[in-house]
Amino acid sequence: MFETIKEQPADKILMLMQSFREDPRDNKIDLGVGVYKDATGNTPIMRAIKSAEQQLWQAEQTKAYTGLAGDPGFSDAMIALVLGDTVPRENVAAAATPGGTGAVRQAFDMARMANPNVRVFVSDPTWPNHLSILKFLGIETVMYRYFDSETGGVNFDGMMADLAQAGKGDIVLLHGCCHNPTGANLNVTQWQAVIDLLLDTGATPMVDIAYQGFGDGLEDDAQGVRRVAAQVPECLIAASCSKNFGIYRERTGLLMAVAQDAGAKKLNQGTLAYLNRQNFSFPPDHGARLVTMVLTDDALRADWQAELEEMRTGMLALREQLAGELQRLSGSDRFGFLAQHRGMFSRLGASPEQVEKLRADSGVYMVGDSRMNIAGLNAQSVPLLAQAIIKAGI
Ligand code: LMR
């Protein structure tokens, strides 16, 4: 019977990972999948996570199931990290999920349970897997203008005009920080304007925050999502721990549903637990436990924050170095946006043919839409990339 299933398109980001591995060239540069790498190209286990893991190995007494929504301590710690004290805890329902992707998937499921005809408004462009999951679920997707390829910034007027079309019963998906794939983000004034618009139209925001701490810092990166949660009547938030705790393969995420009062929260909490049960039963616990330990232990937390800050400032330095090199080689400021962007990614603004040329001629791997993972660079490879970009005629 399975022969009736059509072959599915391979995920472009994951396909790129494979092609990079198979490329025998020594000087190849991997700017593909969104995984942090240090200057030696290694994705380290963060110091605090390693310590927590050692402690956990000693102290853990059982591997019996946690609750359907995961360990409540994990929810508490993550809600505090993402939302600070902007929303009363008793208004926030939360469930641990397998990674941020799991939270995104459950959020879409929940939206569809609430409104079978829900439309989800997504930025143009957005993380390709948002689109893929929405398509899989048969949910109507509406793109709103977001990236201005002329300036490398946000087309805010276009975004506002398109979001005005979303109404009650629709979801507006926003990237909390470090927009994937463009690197172009809203400022606080723009966040507020979007929130005012959402309040006018009655559309429900969903914030995907997968890179908190990679942009302007842990607190600054949460400004947008905190404003949203504090002001709108209800919202969904999908948070990932993969990147900022470096625990990609542990699959650790949290879906939050923020409501006006404890009664609505109780209903949402039941829905989140139900969705977990239908999709995979209990969420993975190991990564969540490590995150909880790190966030609730002063010494571990301080060490984690220090290391995260080193990663963030390292990526910023690489951005500035690359923008500088490109300015020197091109004799123009047209790549200045690379230093303005925040997070792991920047969209270079190259055509698919130029991206292919970069790969074929210079061994530079970036996603076909010219998304670059800045963490894939180091001080030595930045000049090589800059030369390759100029050579490819970008
Ligand atoms: C990315 O965008 O590269 C990451 O979020 C990894 C993934 O799963 O696509």
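Cut-off values and rules
- Residues numbered from 1 in each chain as written.
- Predicted model: local features only at pLDDT ≥ 70, side-chain atom pairs only at ≥ 80, totals over all residues.
- Helix = DSSP H or I, 4+ residues; strand = E, 2+ residues; numbered from the N terminus.
- Rg over C-alpha atoms; globule rule 2.2 N^0.38 Å.
- Buried ≥ 20, exposed ≤ 12 C-beta atoms within 10 Å, placed from the backbone.
- Contact = placed C-beta atoms within 7 Å.
- Near = placed C-beta within 6 Å.
- Nonpolar A, V, L, I, M, F, W, Y, C, P; charged D, E, K, R; others polar.
- Domains from an automatic or database assignment.
- Core = buried A, V, L, I, M, F, W, Y, C linked by C-beta atoms within 7 Å.
- Pairing = 2+ DSSP bridges.
- Axes fitted to C-alpha atoms, helices over the stretch in contact; angles between N-to-C directions.

Draft legend 1. A look at the overall build of the protein. In terms of regular secondary structure, the protein is built from 14 helices and 13 strands. A compact globule built from 394 residues would reach a C-alpha radius of gyration of about 21 Å, and the protein, at 21 Å, matches this within 12%. Overall, the C-alpha framework of the protein stretches about 60 × 55 × 55 Å when taken along its three principal axes. Across the 394 residues that make up the protein, the buried fraction comes to 47%. Taking as baseline every contact in the protein between residues at least 6 positions apart, the subset at least 24 positions apart corresponds to 76%.

Draft legend 2. Quick peek at the site of the ligand. Looking at the ligand, the residues that line it are Ile 13, Val 33, Gly 34, Trp 127, Asn 129 and Asn 180. In terms of residue class, the shell around the ligand is made up of three nonpolar, three polar and no charged.

Draft legend 3. Region of the structure containing the domain arrangement of the protein. Domains assigned within the protein are domain 1 (10–46 + 305–391) and domain 2 (65–296). Each partner contributes residues to the interface: domain 1 has 25 residues there, and domain 2 has 28 residues. For the side of domain 1 that touches domain 2, the secondary-structure elements that each account for two or more residues are helix H1 (12–22), helix H11 (298–330) and strand S11 (345–347). Split into classes, the residues belonging to the side of domain 1 that touches domain 2 amount to 12 nonpolar, seven polar and six charged.

Draft legend 4. Main features of the nonpolar core. Core analysis: the largest hydrophobic core is formed by 116 residues, its most contacted members being Ile 237 and Val 294. No other element matches the nine residues that H11 contributes to this core. In this structure, this core is formed jointly by two domains, domain 1 (10–46 + 305–391) and domain 2 (65–296), each of which donates at least three residues.

Draft legend 5. Representation of the pairing of strand S10 (residues 253–258). The element S10 is largely enclosed, with a buried count of six among its six residues. Where strand S2 (residues 92–97) and S10 come together, six bridges link them in antiparallel fashion. Among the inter-strand pairings, Ala 95 is bridged to a residue of S10, identified as Leu 255. Pairing analysis gives six bridges linking strand S9 (residues 235–240) to S10, with the strands arranged antiparallel. By the bridge assignment for S10, Cys 235 is matched with Val 258.

Draft legend 6. The sheet that holds S10, seen in detail. Pairing within the open sheet is mixed, and its seven strands lie in the order S2-S10-S9-S8-S7-S3-S4. Whereas interior strands pair on both sides, the edge strands pair on one side only; in this sheet they are S2 and strand S4 (140–145). Across the sheet, the mean angle separating the axes of adjacent strands is 20 degrees when strand polarity is ignored. Summarising the sheet, strand S3 (residues 119–124) and S4 pair through six bridges and their orientation is parallel.

Draft legend 7. Spatial organisation of unusual backbone geometry. With an omega of 5 degrees, the peptide bond between Asp 124 and Pro 125 qualifies as cis. Along the chain, Pro 125 turns up in the loop between S3 and helix H5 (128–137). Between Asn 180 and the following residue, Pro 181, the backbone shows a cis peptide bond with an omega angle of 25 degrees. With respect to the helices and strands, Pro 181 occurs in the loop between strand S7 (171–175) and helix H7 (188–201). Its identity is not glycine, yet Cys 178 carries a phi of approximately 50 degrees, on the positive side.

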